[in-house]
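# Summary of structural features
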Amino acid sequence: MGDKQKILAVDDETWNLNVLESHLHLQDFEILKAHSGQQALEILNRGEKIDIVLADVRMPGMDGFELCREIKKRKNFQSLPILLVTALQETDDKVKGLQAGAADFLSKPVDPAELRARVCAHLRIKSLIDEVESWSRILEERVQQRTQAIVEKNKQLDNTYFLTMETLIMALDAREQETGKHSLRVAFYAVELASRLGIKGRELEEIAIGALLHDLGKIGISDQILLKPGKLTAEERLEINKHPQIGWNMVKDIEFFGLGRDLVFQHQERYDGSGYPQHFKGEEIFIGARLFAVVDVLDALMSKRPYKDALPYEESYEFIKKNSGILFDPKVIDAFLSVPKERWLELKEMAQLNTFKSLIMERR
């Protein structure tokens, strides 16, 4: 009994319901009867598994057209076939029924053979639809499972990537104690300035990576030059100026760094072409490198070095503002000027490795 397909027959006349039942009993269907549209909805709403509905059109209260519309409003019954049984023959009535959600029509008086044939045909169609929906659910579950697996894998990659960056930064810190936190500060500054320029998502993350690792190439510069307390000679300056190229050679094949690689290579370029190593100018320079040039100089001016004292923010600010269109991109300077002094000082205090990861994650 539980394996039988269920037909819900709806008609306000008991005699008509009995006729439908007698025509279908040989097919081994289970027939449920409703004497009104409202009663039919109550049967459906109580969770009864119905495979097809046969409904009279002319019923008091809720007619067959309205019943169709009410059934199709319910998400669980979108694929439930409804056959309207009617004496109406006008094309407009059939169009109205189809628009209401009916799958087919049966004319009164009902021919038993036609009734059975049409019911069986629509049940086969419903069976195919149900199978497709079942496979769709299975596919969706598998996609969700794989998506979750990808999310977990990405978390592992993120952890590996941040650990790698921490190792590289510690290697730089070990060599340049005086400027150890410079890389972290400018990374925080760069994220702030890039955000003010409307940069977000993966591009913002890659700029942050490049800013943090901009001086990576200094690993290839001798301690004698890198740690020299006094002014560099011309030859020593030429040697230290090789560090963007050295850094580029180290990261150029690491795809995960993305545009961060360009920042490593171009971070010493200047808007007027006076920088190095390629003497790029204007918009030839990657936007990440153009904005980095500003925050790099800001931090350098505000930091104490063996060969100079730290400048106050106001003097550093004026120097940067004065060099708009010379050393720095005017568009970047406009964004820089929109950041209040207090924000720069706040970022300076925030610059820690353990908060860098959070800074990146919250901007994704």
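Below or above, wherever it landed, is the structure these notes cover. Here the structure is a predicted model, which is why all the values come from computation and not from measurement. (Residues numbered from 1 in each chain as written. Predicted model: local features only at pLDDT ≥ 70, side-chain atom pairs only at ≥ 80, totals over all residues. Heavy atoms only, no water.)

Okay, helix α10 (residues 243–251) next. Three or more residues of α10 are buried, namely H243, P244, G247 and V251. Buried residues of α10, seen end-on, are gathered within an arc of 100 degrees and therefore sit on one face of the element. As for α10, its buried residues are in contact with α9 (234–240) and α11 (260–266). (Buried < 20%, exposed > 50% of the residue type's maximum accessible area, 1.4 Å probe, protein only. Helix = DSSP H or I, 4+ residues; strand = E, 2+ residues; numbered from the N terminus. Arc of directions from axis to C-beta. Contact = heavy atoms within 4.5 Å.)

So, on to the pattern of salt bridges. Applying the stated criterion to the full structure yields 18 salt bridges. A salt bridge links E205 to R202; the shortest N-O distance between them is 3.2 Å. Taken together, the residues span about one helical turn, with E205 and R202 both in helix α7 (residues 201–212) at a distance of three residues. According to the relative accessible area criterion, E205 is buried, its value standing at 6%. You can call R202 partly exposed: its relative accessible area is 32%. Salt-bridge contacts for K218 lead to D215; the nearest nitrogen and oxygen are separated by 3.4 Å. (Salt bridge = Lys/Arg side-chain N within 4 Å of Asp/Glu carboxyl O.)

Moving on to the pairing of strand β5 (residues 104–107). Of the pairings in the sheet, the one linking strand β4 (residues 82–86) to β5 comprises four bridges and is parallel in character. Of the residues in β5, the one forming a bridge with L84 is F105. After leaving β4, the chain enters helix α4 (residues 91–100) and then returns to the sheet as β5, a path that is right-handed. (Pairing = 2+ DSSP bridges. Right-handed = clockwise from strand over helix to strand, strands pointing away.)

A few words now on the environment of S127. One can find S127 in helix α5 (residues 112–175). In this structure S127 comes out as partly exposed when scored by relative accessible area, which is 42%. Linking S127 and S79, residues 48 residues apart in sequence, is a C-alpha distance of 9.8 Å.

So, about the environment of V57. Relative to the assigned elements, V57 resides in the loop between β3 (52–56) and α3 (64–73). Given the relative accessible area of 3%, V57 is considered buried. Residues V57 and A87, 30 residues apart in the sequence, show an inter-C-alpha distance of 8.5 Å. With sequence-adjacent residues up to four places away left out, V57 is seen in contact with D63, G64, F65, L84, V85, T86 and L88.

We now examine the packing of aromatic side chains. Under the counting rule described, the total for this entry stands at five aromatic pairs. Plain terms: the ring middles of Y317 and F336 are 6.1 Å apart, the flat faces sit at 35 degrees to each other, and that makes the pair tilted. Highlighted residues: Y317 in helix α13 (residues 313–322) and F336 in helix α14 (residues 330–337), separated in sequence by 19 residues. One aromatic cluster in this structure is built from Y189, Y313, Y317, F336 and W344. (Phe/Tyr/Trp six-rings, centres within 6.5 Å; stacked < 30°, edge-to-face > 60°.)

Here the focus is the environment of Q224. Residue placement: Q224 occurs in helix α8 (residues 223–226). In the structure, Q224 is positioned 12 residues away from E236 in sequence and 9.5 Å away in space, judged by C-alpha atoms.

A word on the sheet that holds β3. The five strands are arranged β2-β1-β3-β4-β5 in an open sheet whose pairing can be described as parallel. Looking at which strands have only one partner, the edges of the open sheet turn out to be β2 (30–34) and β5. When the angles between neighbouring strand axes are averaged without regard to direction, this sheet yields 20 degrees. In terms of strand pairing, strand β1 (residues 6–10) meets β3 through four bridges, oriented parallel. Each residue of the ladder has a partner; that of L8, found in β3, is V53. The strands touched by α3 are β1, β3 and β4; relative to β4, the strand with the most contacts, the crossing angle is about 175 degrees. (Axes fitted to C-alpha atoms, helices over the stretch in contact; angles between N-to-C directions.)

On to the packing of α3 against α4, then. Where α3 meets α4, the axes come as close as 8 Å, and the angle between the chain directions of the two elements is 20 degrees. Judged by the angle between their axes, α3 and α4 are roughly parallel. Where α3 crosses over α4, the two elements pack in a sense that is left-handed. Contacts from F65, C68, R69 and K72 of α3 reach α4 at D93, K96, G97 and A100. Tallied by class, the residues present in the contact of α3 with α4 amount to three nonpolar, one polar and four charged. (Parallel < 35°, antiparallel > 145°, perpendicular 65-115°, else oblique. Left-handed = near helix turned anticlockwise from the far one by under 90°. Nonpolar A, V, L, I, M, F, W, Y, C, P; charged D, E, K, R; others polar.)

Inspection of every chain in the model, using the stated rule, returns four cavities of 30 Å³ or more. Looking at the second largest cavity, its volume works out to about 40 Å³. Together, E269, R270, Y271, I285, R290, A293, L327, F328 and D329 line the second largest cavity. Looking at side-chain class alone, the lining of the second largest cavity contains five nonpolar, no polar and four charged residues. (1 Å grid on protein atoms, 1.4 Å probe; cavity = no way out; pocket = protein on both sides within 12 Å on 5 of 7 lines; lining within 4 Å. Points joined across faces, edges and corners; volume = space filled by probe spheres on them.)

Moving on, we get to the pairing of β2. β2 sits mainly inside the fold: four of its five residues count as buried. Taken together, the five bridges between β1 and β2 define a ladder with parallel strand orientation. Looking across to β2, one finds that I7 is bridged to I31.

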